[in-house]
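Residue-level listing of the chains:
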Amino acid sequence: MKPFFIALAVIAVIFVCIVVAGALMIRKKEAPPIPLTANLRGRIAIVVYSQSKVRNTAEVAEWIRKNTGGDMFSLEMETPYPEPYSETLKAASKDISEGKHPALVDVPDLSGYDIVFLGSPIWYGTYAPPVATFLDSDKLAGKVVAPFCTHGGGGAGHFFADLRKECPEARILDGLVIRGSNQIERRLGVGVTSHHTENDVITWLNSLFPADGPQPQGEQK
Ligand SMILES: Cc1cc2nc3c(=O)[nH]c(=O)nc-3n(C[C@H](O)[C@H](O)[C@H](O)COP(=O)(O)O)c2cc1C
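If you're wondering where the values come from, they're calculated on a predicted model, not measured in any experiment.

(A) Region of interest: the overall build of the chain. Helix and strand counts for the chain come out as eight helices and seven strands. Projected onto its principal axes, the C-alpha positions of the chain cover 75 × 45 × 30 Å. Buried residues in the chain amount to 38% of all 221 residues. Of the contacts formed within the chain by residues at least 6 apart in sequence, a portion of 81% connects residues at least 24 apart.

Shown next as structure tokens:
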């Protein structure tokens, strides 16, 4: 009987540890806002694709909108990727390996905009296929482009290099890399707000668009 109670106690301890770890992960990071000193000259658009239910990239786009006053354009696919996660992985992997750029409901008209914030989740080390479709339209030629991405722990991969190659006529600035969700976090609904705060966006904006001196700064090589 004694081993049974020991095993039960061990299971109970493991269960409590998992619950506490989960609660800590889900907790939102909080910090008092830092001052926004950036001074962006020109009309601003934010173009974003976000796929998961956690909406990581959309959340970062909203932080950018709040601090720049830009106009938001969300890229929507004519036929969205299927849920669950395993199905999304399969469909996205097929599109990427076949170089397929899926149709969008609408491609935003960016004439009249000077600065474009472009956001995507990292999929297999680069931007997601709907963003590739958007880039096909050549809407970024002649614009200042500030790219941003969210990822599941693997970093930005070759997102920025691919973007530069695809848009040689755009001026591409240093990008913002934000930790989103890995597979487990995605299930738990844990995303950018558990790893970052709006201050990361403000710090980035302040460094790219200083109030004094030449701007924008931080051109991506
Ligand atoms: C098809 C697919 C491929 C992914 N590939 C990567 C990857 O290569 N590296 C990485 O760190 N995360 C990868 N992720 C995780 C996403 O980048 C991460 O969850 C992101 O924050 C999701 O953003 P969203 O909520 O805006 O869709 C992948 C997710 C999916 C669905």
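(B) Representation of the site of the ligand within the structure. Near the ligand there are 25 residues, and of these Thr-57, Pro-121, Gly-152, Gly-154 and Gly-180 occur at the shortest range. Elements with a minimum of two residues in the shell around the ligand: helix H2 (56-68), helix H3 (85-98), strand S3 (115-123) and strand S5 (144-151). By residue class, the composition of the shell around the ligand is eight nonpolar, 15 polar and two charged.

(C) Representation of the pairing of S3 in the model. Burial runs high along S3: nine of the nine residues are buried. The sheet contact formed by strand S1 (residues 44-48) and S3 spans five bridges and is parallel. Opposite Ile-44, over in S3, you have Ile-115 as the bridge partner. Judged from the two bridges that link them, S3 and strand S4 (residues 126-127) form a sheet pairing that is antiparallel. In the sheet register, Trp-123 faces S4, and the bridge partner there is Thr-126. The hairpin turn running from S3 into S4, its antiparallel successor, is two residues long, and Tyr-124 in that turn takes a positive phi close to 50 degrees.

(D) The arrangement of unusual backbone geometry in detail. With an omega of 0 degrees, the peptide bond between Glu-83 and Pro-84 qualifies as cis. Tracing the sequence through the fold places Pro-84 in the loop between strand S2 (71-74) and H3. Although it is not a glycine, Asp-138 adopts a positive phi angle of roughly 60 degrees. Within the element layout of this structure, Asp-138 appears in the loop between helix H4 (129-136) and S5. A tally of 12 C-beta atoms within 10 Å means that Asp-138 is categorised as exposed.

(E) Structural context of the pairing of S1. With five of its five residues buried, S1 lies for the most part within the structure. Residue alternation in S1 divides its side chains into two sets, Ile-44, Ile-46 and Val-48 and Ala-45 and Val-47, and both sets are buried. Pairing analysis gives four bridges linking S1 to S2, with the strands arranged parallel. Bridging from a neighbouring strand, Ala-45 pairs with Asp-71 of S2. Regarding the hand of the β-α-β motif, the stretch spanning S1, H2 and S2 is right-handed.

(F) Quick look at the nonpolar core. In terms of nonpolar packing, the biggest core is built from 52 residues, with Ala-45, Ile-46, Val-47, Val-60, Val-116, Val-145 and Val-201 touching the most fellow members. Of all the elements in the fold, those that place two or more residues in this core are S1, H2, S3, H4, S5, helix H5 (159-166), strand S7 (176-179) and helix H8 (198-208). Excluding its chain neighbours within four sequence positions, the residues that come into contact with Val-145 are Val-116, Leu-118, Leu-140, Cys-167, Ala-170, Arg-171, Ile-172 and Leu-173.

(G) Representation of the packing of H2 against H8 within the structure. Between H2 and H8, the least distance of the axes is 9 Å, while the angle of their chain directions is 55 degrees. As judged from the angle between their axes, H2 and H8 are oblique. As H2 runs across H8, the sense of the crossing is right-handed. Along its contact with H2, which presents Val-60, Trp-63, Ile-64, Asn-67 and Thr-68, the element H8 presents Glu-198, Val-201, Ile-202 and Leu-205. When grouped by side-chain class, the residues that make up the contact of H2 with H8 number six nonpolar, two polar and one charged.

Criteria and thresholds
- Residues numbered from 1 in each chain as written.
- Predicted model: local features only at pLDDT ≥ 70, side-chain atom pairs only at ≥ 80, totals over all residues.
- Helix = DSSP H or I, 4+ residues; strand = E, 2+ residues; numbered from the N terminus.
- Buried ≥ 20, exposed ≤ 12 C-beta atoms within 10 Å, placed from the backbone.
- Contact = placed C-beta atoms within 7 Å.
- Near = placed C-beta within 6 Å.
- Nonpolar A, V, L, I, M, F, W, Y, C, P; charged D, E, K, R; others polar.
- Pairing = 2+ DSSP bridges.
- Right-handed = clockwise from strand over helix to strand, strands pointing away.
- Core = buried A, V, L, I, M, F, W, Y, C linked by C-beta atoms within 7 Å.
- Axes fitted to C-alpha atoms, helices over the stretch in contact; angles between N-to-C directions.
- Parallel < 35°, antiparallel > 145°, perpendicular 65-115°, else oblique.
- Left-handed = near helix turned anticlockwise from the far one by under 90°.

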